[in-house]
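# Descriptive analysis of the structure
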Amino acid sequence: MVEIELDGKTVEVPQGSMVMHAANKLGTYVPHFCYHKKLSIAANCRMCLVEVEKAPKPLPACATPVTQGMKVFTHSAKAVEAQRSVMEFLLINHPLDCPICDQGGECQLQDLAVGYGKSNSRYEEEKRVVFHKNVGPLISMQEMSRCIHCTRCVRFGQEVAGVMELGMINRGEHSEITTFVGQTVDSELSGNMIDLCPVGALTSKPFRYEARTWELGRKRSVSPHDSLGANTTVQTKNNKVMRVVALENEAINECWISDRDRFAYEGLNSADRVKTPMVKQGGQWLETDWQSALDYVAHSLKTISSESGAQSIGALAHPISSTEELHLLQKIIRGLGSNQVETRLRQANIAGAASAAWLGMPVAKLSELDRALIIGSFLRKDQPIVAARLRTAAKRGLQVSRIDAGGDDWLIPAANIAAAPSSWLNALAEVAQAVAKAKSASVPAGTPSVTISAAAQKIADSLLSGATTAVLLGSAAVAHPQSSDLHVLAQFIANQTGATLGFLPEGGNAVGASLVNANGAGVDSVLSGERRAVLLMNIEPDTDLPNPQQARAALAKANTVIALSPFKSADLLEVADVILPITPFTETVSTFVNAEGRAQTVQPSVKPLGDSRPAWKVLRVLGGLLDLDGFLYNLPEEVLGEALGDNYCTRLNNQSSSNSISAGAQSSGLERLADVNIYAGDLIVRRASALQLTKDAKRGNQVGLGQKLFAELGLKEGDAVRVTQGSSSVDMPATLEANLAANTVRVSAGTAASSKLGSMFGPVTVTKA
C-alpha cells in the first residue's frame, strides 16, 4: 500500500494505483471525460488535471501513479485554472446545441461546462463539422460534431465487447470516430457505448426525440430475457416505458447490460398487446369480461378433469414468467391432480435431469476462474454479459475450452472441439477418458469407447492443472437429445478435476421455476396429444416450443387451449380457445431467481395496460373458481413466501440422478444445429422492432452452412437453399459460417422459418433452391 495526501486528507491505495483511484476512495470528485473505471486509461481528454507538489505543471489524475508521500491538490487555483483551460479547448468546436440535443439534462459535458466553462467563447473562427454516420438501428451517430474524442466507445469495443467496431481516423481537429469502411456496429453489447458517451455524439436511435430525461420516472428493475438477471432502470412517461438503461450491480452485471436487455422494451408497447379477455366462438374471436372468461375456463377444466381424468390437463409456461406466477400455475395443475406442468420448454430429454439446475457459483466468481470447459453453448449470444466476464478473465489468464459445433466466434481464445451434435457425446467422452486415465479412475458405465485426440487431451490437461475450475453445460447441451448422457459425463469430469459443475440456464426465471416445482412430466409428455386441456403462459407455440409441428398437432387435439399472454399472435389465435390478457413484468410485482440462485423482486414500472391483469391475480381467482384450497392471497409477497420459503438456496442442485450412459449412434449425414436466436427468445424481445432490424436478428432467418457444403452446392452469400427435415421443407437464404463443424447445418429456432420444420436436432437435407 502507498500513502498519499490528497487535498489535505491522508489515503492509502495499492501500489500502482493512479491519483484518480485515490480520489475515488476518498469520495473526492475530479472532473473527467475519458476515464472510466472499467476501461483502460487513455488520458486524452486532460480534464482531470490536478496539481502535484513539486511537479512543474498539472498532471492528469487518471494517468499519474501514486508515490509514497505524494501531495495532490485537486481544487487548488492551479488545478482549477488548468481544468478551465481544457474545458475551453473542448468547447472550441462543440456545436453548443444543448436545447435540441438528446443528451441534454444528463450530459457530462453540459454539467462540467457549468462549473468550468466560461460565459463566452474567445474562439471566433469557423467550427468544424463531422458528417453523420449510419451504424445500424440501435445507435444514432447523427451529431458526431459533438464528439470530444474521449475514445470510451473505442476502448469498450476492444476491451469489453471483444470486437473493435469503432476507431479514430485523422489527426488534430480533423480526428473523428467512425466504423471501418462503412460497416455497422453489430455487437450484442453495443448499447453500452450510449451510456459511456459523455456527450450527445452516441445516442439511442429508438429513444431519439421521444422524451426529455427530466420528464421520465424511474424504477429499479431486472431483465428477464436471460438467466443473468441484469439490473436495470426502467424509465417511463405517461404510463409508457420509454427507455431502459443499466443499473450498476458489481455482483451481477457490473455496469453493463446487453442490447437485448436495453432495447427489448419496445416490445412492451407492441400493437399486439391484448387489453381485454377474448374467447373463440364458432371460429370467431369475441371480446368479453373477466368474469365470463374465467367462468368459461373454470367450467372447461372441471368438465375435462371429471370426464377424462386429472392427467388430461397440462400446462406449459415460459421461464420469463415470474416466480409468483409459476408457483400458482403449478399449484392449480397439481391441485387438480395432474403433474403435467413444464417450463423446460426445449429440454426434451429429462431423464436424470438436475432437480434445480443453476450456475453452481456466484456470477462474480466467473471472473476468478482460471480454467473453464463449456459444453454445447452459444455463449456470446445466449449470455452476453457472462461472455464479457469470461472475456475479461481470459485476459488475466483464464483458459477456456469448448465442445460444440463451432460456427460462432465467442471473441475469447479457446481450445475447441468442433463436432456435429451427434458427436458431442463422443467428444466429451474423449475428455472424460483422458481425465480418468490421469486420475486412475473408471469412467461411467456405458461411456463410448473412443480414442483420445490431441484436442481432448489438451482440454483434460487444462482442467487438471487449474486451481479454480468450472464445467458448464449450455443451452444446446440441455436441449440435446442426449442431454442426460452429456450431464453424466460433465459431472464425472467435474468431480475428478475438482471443478464446479454448473448450467447456463435459458430464460430469466429458469432456476425459479425449478425451485417452485413448476417442472414435472417434460414438454414431450404435455404435448403428447393426450392432454384434453392445455394452459399456455407467456408462450407462442410456433416459436417457444422445440418441435412446432408436434406442438400444433398436440394442441389441435385438445378440447380447450387456454392462453395467458400479454400478446396475441397468429399461431396463438389459431390454437387457443381463450386468451386471458396478463401483464408483462413491468406492470406487476415480479420475482426472478437468476442463474446464481439470487431472488430479485421488482416493483411495477407502469400500470397495467387496458383491462389486463397480473397473472398471479388471474391464477389466484382461477384457483378459487376451481374450488381448490390455498388460494386466498392478498399480496404477491404472500405468494412468494409460500413459493420459495426460507433457505430456498439449499434446494439448488446440479447433480444427475443417473450414473450411467445409454450412448446413441452417431449420424453420418447432415444434422441440424438449432440455436435460439438472440432476438427470438421470448414474446417481448420478438416484438422489439429495432432489435429485429439488427444483423443478429437477420442471422436467425438464414441457414448457416460450413465451408465444404457451401462450396459443394456452389453457393454465394444470400443464395436461397431448401432445408428439408422429415416431411417439412423451408426455403431460406444461406450464409457461410466457415468454422461450423462438418455435416452441420445451423437453422435457428424461434423464427417464422423454423416453425415450419421439426425438432431442434436431427437429420436434414439441403439443396439449392
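Residues numbered from 1 in each chain as written. Predicted model: local features only at pLDDT ≥ 70, side-chain atom pairs only at ≥ 80, totals over all residues. Heavy atoms only, no water.

By the naming in an unreviewed UniProt entry, the protein goes by NADH-quinone oxidoreductase and is assigned to Polynucleobacter tropicus. The UniProt entry for the protein carries the following text under Sequence similarities (unreviewed entry): "Belongs to the complex I 75 kDa subunit family." Recorded in UniProt for the protein, the comment headed Function (unreviewed entry) runs: "NDH-1 shuttles electrons from NADH, via FMN and iron-sulfur (Fe-S) centers, to quinones in the respiratory chain. Couples the redox reaction to proton translocation (for every two electrons transferred, four hydrogen ions are translocated across the cytoplasmic membrane), and thus conserves the redox energy in a proton gradient." (UniProt positions renumbered as here; feature names shortened; annotations may be inferred.)

### Here we look at the UniProt feature "domain: 4Fe-4S Mo/W bis-MGD-type" (unreviewed entry) in the protein
If you check UniProt for "domain: 4Fe-4S Mo/W bis-MGD-type" (unreviewed entry), the listed places come out as residues 216-272 in our numbering. Helix makes up 9% of residues 216-272 and strand 35%, with an end-to-end C-alpha separation of 25 Å. (Helix = DSSP H or I, 4+ residues; strand = E, 2+ residues; numbered from the N terminus.)

### So, the sheet that holds strand S29 (residues 703-705)
Read from one edge to the other, the open sheet built from 7 strands follows the order S33-S28-S32-S29-S31-S30-S34, with strand pairing classed as mixed. At either margin of the open sheet sits one strand with a lone partner, and together these are strand S33 (762-763) and strand S34 (765-768). Inspection of the sheet shows S29 paired to strand S32 (residues 744-747) by 3 bridges, in the antiparallel sense. In the sheet register, Val703 faces S32, and the bridge partner there is Val747. (Pairing = 2+ DSSP bridges.)

### Things to note about helix H4 (residues 152-161)
When you tally the buried positions in H4, you get 9 out of 10 residues, the bulk of the element. Within H4, burial applies to Arg152, Cys153, Val154, Arg155, Phe156, Gly157, Glu159, Val160 and Ala161. On its buried face, H4 sits against helix H3 (108-116), strand S8 (166-169), strand S9 (176-179), helix H5 (192-196) and helix H10 (384-395). (Buried < 20%, exposed > 50% of the residue type's maximum accessible area, 1.4 Å probe, protein only. Contact = heavy atoms within 4.5 Å.)

### Re unusual backbone geometry
One non-glycine residue with positive phi stands out, namely Leu96, at about 55°. Along the chain, Leu96 turns up in the loop between helix H2 (77-90) and H3. Look at Asn743: it is not a glycine, yet its phi comes out positive at around 65°. By the element assignment, Asn743 lies in the loop between strand S31 (728-736) and S32. Take Asn743: its relative accessible area is 39%, and that puts it in the partly exposed class.

### Comments concerning the sheet that holds strand S20 (residues 414-418)
The sheet built from 5 strands is open, its strands ordered S20-S19-S18-S21-S22 with parallel pairing. Both edges of this open sheet fall to S20 and strand S22 (500-503), since each of them pairs with a single strand only. Across the sheet, the mean angle separating the axes of adjacent strands is 15° when strand polarity is ignored. When strand S18 (residues 371-375) meets strand S21 (residues 469-473), the two strands line up parallel, connected through 5 bridges. Among the inter-strand pairings, Ile375 is bridged to a residue of S21, identified as Leu473. Of the strands in this sheet, S18, strand S19 (399-404), S20 and S21 are in contact with helix H12 (residues 454-464), which crosses S20 at around 140°. (Axes fitted to C-alpha atoms, helices over the stretch in contact; angles between N-to-C directions.)

### Quick notes on the packing of helix H8 (residues 323-335) against helix H20 (residues 615-625)
The geometry of H8 relative to H20 is characterised by a closest axis approach of 8 Å and an angle of 20° between their N-to-C directions. Our classification of the angle between H8 and H20 gives roughly parallel. Handedness of the crossing formed by H8 with H20: left-handed. Along the contact surface, H8 presents Glu324, Glu325, Leu328, Leu329 and Ile332, while H20 presents Ala615, Trp616, Leu619, Arg620, Leu622 and Gly623. Taken together, the residues of the contact of H8 with H20 sort by class into 7 nonpolar, 1 polar and 3 charged. (Parallel < 35°, antiparallel > 145°, perpendicular 65-115°, else oblique. Left-handed = near helix turned anticlockwise from the far one by under 90°. Nonpolar A, V, L, I, M, F, W, Y, C, P; charged D, E, K, R; others polar.)

### Some points on the domain arrangement of the protein
The domain architecture assigned to the protein consists of domain 1 (217-269), domain 2 (278-345 + 510-603 + 610-645), domain 3 (359-504) and domain 4 (671-768). On a C-alpha basis, the centroid separation for the pair domain 2 and domain 3 is 35 Å. (Domains from an automatic or database assignment.)

### Some details on the packing of aromatic side chains
Two descriptors summarise a pair of aromatic rings, namely the distance from one centre to the other and the angle between the planes of the rings. Tallied over the entire structure, the rule returns 4 aromatic pairs. Ring plane angle 80° and centroid distance 6.3 Å describe the contact between Trp424 and Phe761, whose orientation is recorded as edge-to-face. In this pair, Trp424 is assigned in helix H11 (residues 424-439) and Phe761 in the loop between S32 and S33, connecting sequence segments 337 residues apart. With relative accessibility at 1%, the residue Trp424 sits in the buried group. For Phe761, a relative accessible area of 9% translates into the label buried. Ring plane angle 80° and centroid distance 6.4 Å describe the contact between Phe631 and Tyr633, whose orientation is recorded as edge-to-face. Given a relative accessible area of 6%, Tyr633 falls into the buried group. One cation-aromatic arrangement involves Arg273 over Phe567; the distance from NZ or CZ to the ring centre is 5.9 Å. Taking the ring centre of Phe631 as reference, the NZ or CZ of Lys331 above it sits at 5.1 Å. (Phe/Tyr/Trp six-rings, centres within 6.5 Å; stacked < 30°, edge-to-face > 60°. Lys NZ or Arg CZ within 6 Å of the ring centre and 35° of its normal.)

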